[in-house]
Amino acid sequence: MPKISIIIPVYNTGKILNRTVNSILKQSFKDFELLLINDGSNSETVKICEECVKKDKRIKLINKDNGGLCSARNLGIQKANGEYITFLDHDDEYEENLLEDNYKLANKYNADIIKFGYKYIDCCNNEIVGERKSRSNIDKLLILDRKMIEEKYCYLNDNKILVYIWDAMYKKDFILKYDILFDLRYTIGREDIAYNINVYKYISKLVYNPQIYYKYYAYNNSTYNGISKEKYLKYFDDMLENFYIENKLLLDLNIENIKMGYISYRKLLAIMDMVGFLVEHIRNLSIRNILYFLKCFYSKYTIEKSDIKKGWRYLTIKQKIIIYLYYNKNLNLIAFLIKIYSKFL
């Protein structure tokens with residue numbers, strides 16, 4: 001049985017998949033299986049997957065009807081034979097020592113999960129234009145037991161350690177023991193946040209390795225651009241669902257005893273997440289259309305003065321401006337600021 005199972009959901013990926021697969025075949029660690037989960041792709045992509053299988057006996061192709069990213073990952077979990085599982089997006093890459101270095105740490109400390117560093121590869125018109133380091137400010141190895149994990153939740157969360165699923169190695173027995181699968185209601189994003197919140201409920205040993213191993217390709221032609229208004233609103237609903245799930249976890253952890261005002265701060269950050277999404281993904285819309293989305297969000301999500309008072313201390317100046325405008329329902333000015341700021345990205 002392989003030590004590691006790598007799960008790649010595939011849906012009409014095209015030839016870019018070859019770059020991703022090649023980064024796996026170059027790994028210094030050889031005891032792995034690579035599961036290509038074909039989620040109802042076109043014949044061209046299926047052919048590319050079949051060619052990949054011919055390259056190496058460790059690569060397996062699993063075909064399924066189209067059901068979305070979450071269902072593809074869940075099938076991968078069910079089919080995985082490895083001691084540990086990793087998730088890789090079809091257009092990203094691993095550095096050649098990712099599996100070896102992190103499996104050693106996971107095995108040494110008997111970790112339920114090991115998290116590692118990543119960087120963004122910015123692309124414009126499919127050309128690389130720059131790189132950005134991950135947003136974590138943690139530069140040392142962390143080995144945390146359950147008590148330490150609970151005490152450091154705010155620290156880990158603020159450093160984006162508990163957000164993504166592709167910057168991690170999960171022990172398969174841990175996932176199966178607690179039946180931690182991806183929620184099928186998430187169809188256009190945010191599924192990784194919900195997944196990790198469920199993981200956090202049960203994890204007893206976490207290792208964080210700050211070394212950068214994962215290369216995340218960020219394209220200017222994001223899959224969020226050009227989709228319907230209904231799907232943008234669905235994304236906002238999923239964003240709020242993330243908040244409600246996390247809020248329950250924070251209450252269960254009695255997080256206010258660790259960091260006063262943190263729950264209110266996270267409530268305020270839900271607004272900043274929404275604004276950040278608009279800035280990054282809706283650059284070509286008019287102020288009128290941006291205002292439409294802001295009003296839709298506001299109709300579902302309001303904040304109390306008490307939340308501002310409790311969470312204010314943790315906000316940056318820019319965040320304070322947006323929160324103040326939002327609380328006073330000055331959505332027109334927020335829409336204007338979003339439009340202006342997005343032009344400088």
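Throughout, residues of each chain are indexed from 1 in the direction in which the sequence is written. Owing to the predicted nature of the model, reporting of local features is limited to residues with pLDDT of at least 70; listing and counting of side-chain atom pairs is limited to 80 or more, with chain, interface and lining totals taken over all residues. Hydrogens are left out, water is left out, and the side-chain values use all remaining heavy atoms of the structure.

**Q** Looking at this structure, I do not really get unusual backbone geometry. What am I missing?
**A** The phi torsion at Asn254 lies on the positive side, around 55°, for a residue other than glycine. For the purposes of this entry, the term helix denotes a DSSP run of H or I that reaches at least four residues, the term strand denotes a run of E that reaches at least two, and both are numbered from the N terminus. Of note, Asn254 is situated in the loop between helix H9 (229-252) and helix H10 (262-281). For Lys329, which is not a glycine, the phi torsion comes out positive at approximately 60°. By secondary structure assignment, the location of Lys329 is in the loop between helix H13 (317-327) and helix H14 (331-342).

**Q** Can you walk me through the pattern of salt bridges in this structure?
**A** Opposite charge on two side chains allows them to pair when their charged atoms are near. Salt bridge, as used here, is a side-chain nitrogen of Lys or Arg placed within 4 Å of a carboxyl oxygen of Asp or Glu. A full pass over the atoms with the stated rule returns 21 salt bridges. Measuring nitrogen to oxygen at the nearest pair gives 3.0 Å for the salt bridge that ties Lys60 to Glu33. Of this pair, Lys60 sits in strand E3 (residues 59-64) while Glu33 is found in strand E2 (residues 32-39), placing the two residues 27 residues apart along the sequence. Each residue is assigned to one of three classes by its accessible area relative to the maximum for its type, calculated with a 1.4 Å probe on protein chains only: buried under 20%, partly exposed between the two thresholds, exposed over 50%. Overall, the relative accessible area of 2% leaves Glu33 in the buried class. A salt bridge links Asp158 to Lys259; the nearest nitrogen and oxygen atoms lie 3.4 Å apart. In this pair, Asp158 sits in helix H6 (residues 153-158) while Lys259 sits in the loop between H9 and H10, placing the two residues 101 residues apart along the sequence. Relative accessible area serves as the criterion here: at 31%, Asp158 is assigned to the partly exposed category.

**Q** Help me understand the state of the cysteines in this model?
**A** The disulfide definition used here is simple: a pair of cysteine sulfur atoms within 2.5 Å. Evaluated as defined, the whole model comprises zero disulfides. Residue Cys49 stays outside any disulfide, its sulfur separated by 6.2 Å from that of Cys52, the closest cysteine. Its sulfur unpaired, Cys70 is 19 Å from the next cysteine sulfur, which belongs to Cys49.

**Q** Explanation requested: helix H2 (residues 43-55) in the structure shown.
**A** Residues lying three or four places apart along an α-helix face the same way, a consequence of the helix completing one turn every 3.6 residues. The span expected for a helix works out to 1.5 Å for each residue beyond the first. When the terminal C-alpha atoms of H2 are compared, their 19 Å separation across 13 residues agrees well with the 18 Å that a helix rising 1.5 Å per residue should span. Restricting attention to buried positions, one finds in H2 the residues Thr45, Val46, Ile48, Cys49 and Cys52. Buried residues of H2, viewed axially, fall in a sector of 160°; they line one side. Turned more than 90 degrees from where H2 packs its buried face, Ser43, Lys47 and Lys54 sit exposed. A contact between two residues is defined here by any heavy atoms of the two lying within 4.5 Å. In this structure, the buried residues of H2 make contact with strand E1 (4-10), helix H1 (16-25), E2 and E3. Of all possible arcs, the one meant is that of the directions from the helix axis to the C-beta atoms.

**Q** Can you walk me through H1 in this structure?
**A** Residues of H1 that are buried: Leu17, Thr20, Val21, Ser23 and Ile24. Seen end-on, H1 carries its buried residues on one side only, within an arc spanning 155°. Where H1 is buried, its residues contact E1, E2, H2, E3 and strand E5 (93-94).

**Q** What am I meant to see in the pairing of strand E7 (residues 127-133) here?
**A** In summary, the side chains of a regular strand alternate between the two faces of the sheet. With respect to burial, E7 is a largely exposed element, only zero of its seven residues being buried. In this scheme, strands are said to pair when DSSP sees at least two bridges between them. Where strand E6 (residues 113-124) lies against E7, six bridges are found, and the strand directions are antiparallel. Within E7, the position partnered with Lys119 by the bridge is Lys133. What sits between E6 and E7 in their antiparallel hairpin is a turn of two residues, with Asn125 showing a positive phi close to 55°.

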